[in-house]
Amino acid sequence: MTEPLAGRPLLQIRGLHKHFKEIEVLKGVDLTVHEREVVSIIGSSGSGKTTLLRCVNLLEEFDGGEIVLDGESIGYRVRRGRRHRLPDRLLSRQRAMTGMVFQNFNLFPHLTALRNVMLGLTKVRRMQRDEARVLAQTWLGRVGLAQRMESYPSQLSGGQQQRVAIARALAMNPKLVLLDEVTSALDPELVQEVLATVKSLADEGATLLIVTHEMGFARQVSHRVVFMDKGQIAEQGAPAEIFERPASARLAEFLGSARR
Amino acid sequence: MDRFLAQLWMARDAIAGGVLISMEAALTAIVIGSLLGLVIGLLLVYGHVVLRVLCRIYVDIIRGTPVLVLILAAFYITPAVGLQMDAFQAGLLALSLFCGAHLGEIVRGAVQSVPHGQTEAGRSIGLTFPQILAYVVLPQALRQALPPWVNTGVELVKASTLLSVIGVGELLLKTQEIVGRNFMTLEFYAVAGVLYLLINLGIETLGRNLEARVRP
């Protein structure tokens with residue numbers, strides 16, 4: 001899957017800076033993701049990759065730089081030369097443009113699988129109940145859970161829960177889907193079913209930004225792989241280049257340790 | 001035994017009236033206190049820092065004061081500041097404030113026990129803050145709060161006996177009056193004890209049914 005992409009830029013991150021207290025986690029990140037492109041971010045823990053993803057979903061505030069999603073600058077507006085965080089209502093609307101799948105699933109435990117998917121449809125997309133139910137059923141069917149729609153999260157395996165979470169994110173019809181280490185909390189035998197689901201999304205042309213530790217998967221599914229190191233993008237390119245011919249010693253070292 | 005039954009029959013209206021007033025006081029205080037507690041609990045977690053401090057002061061003062069003192073304070077302070085209240089209303093004020101403070105702390109704990117990932121998941125699908133509260137956080141938190149909430153209800157029924165001190169004719173005061181007439185001390189305090197027990201068993205059964213119903 002390394003054919004060149006002609007899609008227009010959907011996500012543009014420019015000069016992103018972020019620090020927690022005195023620690024600078026993002027030191028000026030520039031990244032563009034095109035429509036229908038699948039980009040994987042790899043790097044050791046603490047490199048800032050999850051924080052980057054959370055900034056795009058506006059779950060984290062950032063201190064400098066700009067994130068433009070589909071032509072709209074998100075999270076902040078500048079008024080009289082000063083940056084202001086947007087009000088909750090606008091942030092919510094912008095968050096709905098992206099879908100996020102979390103490492104720990106974060107399903108709503110008091111709702112069935114079906115209701116988990118329906119909640120955003122009825123409350124955010126303001127669909128009628130019946131319409132929302134049909135769409136939720138369709139998505140749960142696509143992730144292979146047509147038989148478990150009335151189950152509560154506690155009655156599902158980790159892999160099944162994560163697939164519900166994927167259906168919940170995708171049913172909202174987001175422009176961009178963010179996947180944050182979606183298999184890290186899973187037992188080894190459940191990893192493949194979730195990866196297969198993500199792969200099917202990629203094959204159908206969804207735009208995906210993936211943070212992952214699964215190197216084989218990143219290589220297989222991505223158009224482009226980005227290596228982050230110490231809050232910056234150290235290297236990026238087609239999967240074959242990144243994995244076969246790492247330019248920097250740091251990436252070679254990281255890949256060496258990841259393989260072990 | 002015959003004499004006791006005859007006295008009981010004579011006192012039936014007084015006892016029934018006392019039960020009604022006790023239950024009215026407890027139930028009204030639970031309703032008002034629950035609304036107050038919900039608001040206080042949410043402000044303790046999400047409120048602006050000034051509101052948070054004010055709520056914290058309210059909760060700590062009320063929880064640190066004996067209910068009897070609260071009742072006496074409500075009874076003597078309200079007329080002093082120009083509020084026209086009868087004994088029942090003053091007692092109700094004290095019980096409601098007491099209930100609100102306890103429930104506020106219970107709601108705070110329950111809301112904070114919902115993992116932050118739940119709020120983030122709600123945000124990530126585009127829910128606004130009030131929607132996250134209504135559909136994600138509170139349904140989970142209130143389930144957590146249900147057992148201590150029932151417990152607070154039982155505490156209120158028991159605390160309502162203290163209203164006898166300011167002359168509210170609830171079950172304990174009525175019982176005292178009856179005993180004052182017939183001197184059957186043990187018998188009639190036993191009657192009152194059994195009635196309180198029945199009321200509280202009723203509340204606990206109600207609570208258990210509610211818990212069973214909301215458990216996913």
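Bear in mind that the values here come from a model prediction, so they are computed numbers and not experimental data.

K.L.:
Help me understand the overall build of chain B in this model?
P.N.:
Broken down by element type, chain B carries nine helices and zero strands. Its helices and strands in sequence order give chain B the pattern α-α-α-α-α-α-α-α-α, from N to C terminus. The C-alpha extent of chain B, read off along each of the three principal axes, is 70 × 45 × 25 Å. Per-residue burial over chain B gives 45% buried out of 216 residues. The long-range share in chain B, meaning contacts at least 24 apart out of those at least 6 apart in sequence, stands at 77%. Summed over its atoms, the accessible surface of chain B is roughly 11,000 Å², and 68% of this surface lies on carbon and sulfur atoms. Charge separation in chain B, taken as the distance between the mean sites of 14 positive and 13 negative side-chain charges, equals 8 Å.

K.L.:
Before we go on, may I ask you to explain the sheet that holds strand β9 (residues 176-180) of chain A in this structure?
P.N.:
Within a sheet, each strand pairs with its neighbour through backbone hydrogen bonds, oriented either parallel or antiparallel. Residues and elements named next belong to chain A. Across the sheet, which stays open at both edges, the six strands sit in the order β8-β9-β10-β3-β11-β12 with mixed pairing between neighbours. Looking at the sheet topology across the chains shown, the edges are occupied by β8 (98-101) and β12 (232-237). Each strand axis lies, on average, 20° off the axis of its neighbour in the sheet, ignoring direction. Note that strand β3 (residues 38-42) and strand β11 (residues 224-229) share four bridges and pair parallel. Looking across to β11, one finds that I41 is bridged to V226.

K.L.:
Would you mind showing me how to read the nonpolar core here?
P.N.:
Across soluble globular proteins, you tend to see nonpolar side chains buried next to one another. A:L11, A:L16, A:L52, A:I67, A:L140, A:L208 and A:L209 are the most contacted members of the largest nonpolar core, which totals 92 residues. Those residues within four positions of A:L11 in sequence are excluded, and the remaining contacts are A:L31, A:T32, A:V33, A:V56, A:I67, A:V68, A:L69, A:L176 and A:L209. Ranked by size, the runner-up nonpolar core spans 28 residues in total, among them B:Y58, B:I62, B:L70 and B:A90.

K.L.:
What is the right way to read the interface of chain B and chain A from this model?
P.N.:
Every contact between the two is made by 20 residues of chain B and, on the other side, 24 residues of chain A. With both sides pooled, the region where chain B packs onto chain A buries about 1,900 Å², and carbon together with sulfur makes up 60% of that total. Of all residues in chain B, B:E120, B:S124 and B:I125 bury the most surface against chain A, accounting for 30% of the area lost on that side. At the junction of chain B with chain A, the criterion picks out one salt bridge. There are nine residue pairs in polar contact (both at pLDDT 80 or more) connecting chain B and chain A. If one sorts the elements of the side of chain B that touches chain A by residue count, helix α7 (residues 129-159) of chain B sits on top with eight residues.

K.L.:
Help me understand the sheet that holds strand β4 (residues 64-69) of chain A, please; the structure alone is not making it clear to me.
P.N.:
Residue and element names in this part refer to chain A. Reading across the sheet, the four strands line up as β2-β1-β4-β5 and stay open at both edges, with antiparallel pairing between neighbours. Of all strands in the sheet, those with a lone pairing partner are β2 (23-34) and β5 (72-73), marking the two edges. On top of the sheet, helix α1 (residues 49-56) reaches β1 (9-20), β2 and β4; it is set at about 120° to β1, its chief contact.

K.L.:
Explanation requested: helix α6 (residues 116-124) of chain B in the structure shown.
P.N.:
Every α-helix winds through 3.6 residues per turn, so residues three or four apart in the chain are directed the same way. Buried residues dominate α6(B), accounting for seven of its nine residues. Along its buried surface, α6(B) packs onto α1, α2 (88-95), β8 and α5 (158-171) of chain A together with α7 of chain B. Positive phi appears at B:G126, one or two residues downstream of α6(B), with a value of about 95°.

K.L.:
Looking at this structure, how should I read unusual backbone geometry?
P.N.:
Backbone geometry follows two general trends: most residues other than glycine have a negative phi, and most peptide bonds adopt the trans configuration. All names here are of chain A. Positive phi is not limited to glycine here, since L58 has a value of about 60°. Looking at the secondary structure, you find L58 in the loop between α1 and β4. Positive phi outside glycine occurs at R80, with the angle close to 50°. Its location among the elements puts R80 in the loop between β6 (76-79) and β7 (82-85). The exposure class assigned to R80 is exposed, which follows from its relative accessible area of 81%.

K.L.:
Which parts of the structure should I look at to understand the side chain of B:S34?
P.N.:
Residue and element names in this part refer to chain B. Structurally, the position occupied by S34 is in helix α2 (residues 12-46). A polar contact of 2.9 Å, which involves the side chain of S34, links it to the side chain of W149. Beyond its immediate stretch of four places on either side in the chain, S34 contacts A29, C99, L103 and W149.

K.L.:
Where do I start with the pattern of salt bridges in this structure?
P.N.:
If the charged atoms of two oppositely charged side chains come close together, the side chains can form a pair. Taken as a whole and judged by the stated rule, the model has 21 salt bridges over all chains. Taken together, the salt bridges that share partners define one network made up of A:R8, A:E35, A:D70 and A:K175.

K.L.:
So what exactly am I meant to see when it comes to the environment of A:R8 here?
P.N.:
All names here are of chain A. Following the sequence through the fold, R8 ends up in the segment before β1. In this structure the C-alpha to C-alpha distance between R8 and L201, which are 193 residues apart in sequence, comes to 19 Å. If sequence neighbours within four positions are ignored, R8 has contacts with H34, E35 and D70. A distance of 3.0 Å separates the side chain of R8 from the side chain of D70, its partner in a polar contact.

What counts as what
Residues numbered from 1 in each chain as written. Chains lettered and ligands numbered in written order. Predicted model: local features only at pLDDT ≥ 70, side-chain atom pairs only at ≥ 80, totals over all residues. Heavy atoms only, no water. Helix = DSSP H or I, 4+ residues; strand = E, 2+ residues; numbered from the N terminus. Buried < 20%, exposed > 50% of the residue type's maximum accessible area, 1.4 Å probe, protein only. Contact = heavy atoms within 4.5 Å. Areas by Shrake-Rupley, 256 points an atom, 1.4 Å probe, with all protein chains shown as cover. Lys, Arg positive; Asp, Glu negative; His and termini not counted. Charge placed at Lys NZ, Arg CZ, Asp CG, Glu CD. Pairing = 2+ DSSP bridges. Axes fitted to C-alpha atoms, helices over the stretch in contact; angles between N-to-C directions. Core = buried A, V, L, I, M, F, W, Y, C linked by side-chain atoms within 4.5 Å. Buried area = accessible area lost by both parts, 1.4 Å probe. Salt bridge = Lys/Arg side-chain N within 4 Å of Asp/Glu carboxyl O. Polar contact = N/O pair within 3.5 Å; in protein donor to acceptor, adjacent residues only side chain to side chain.

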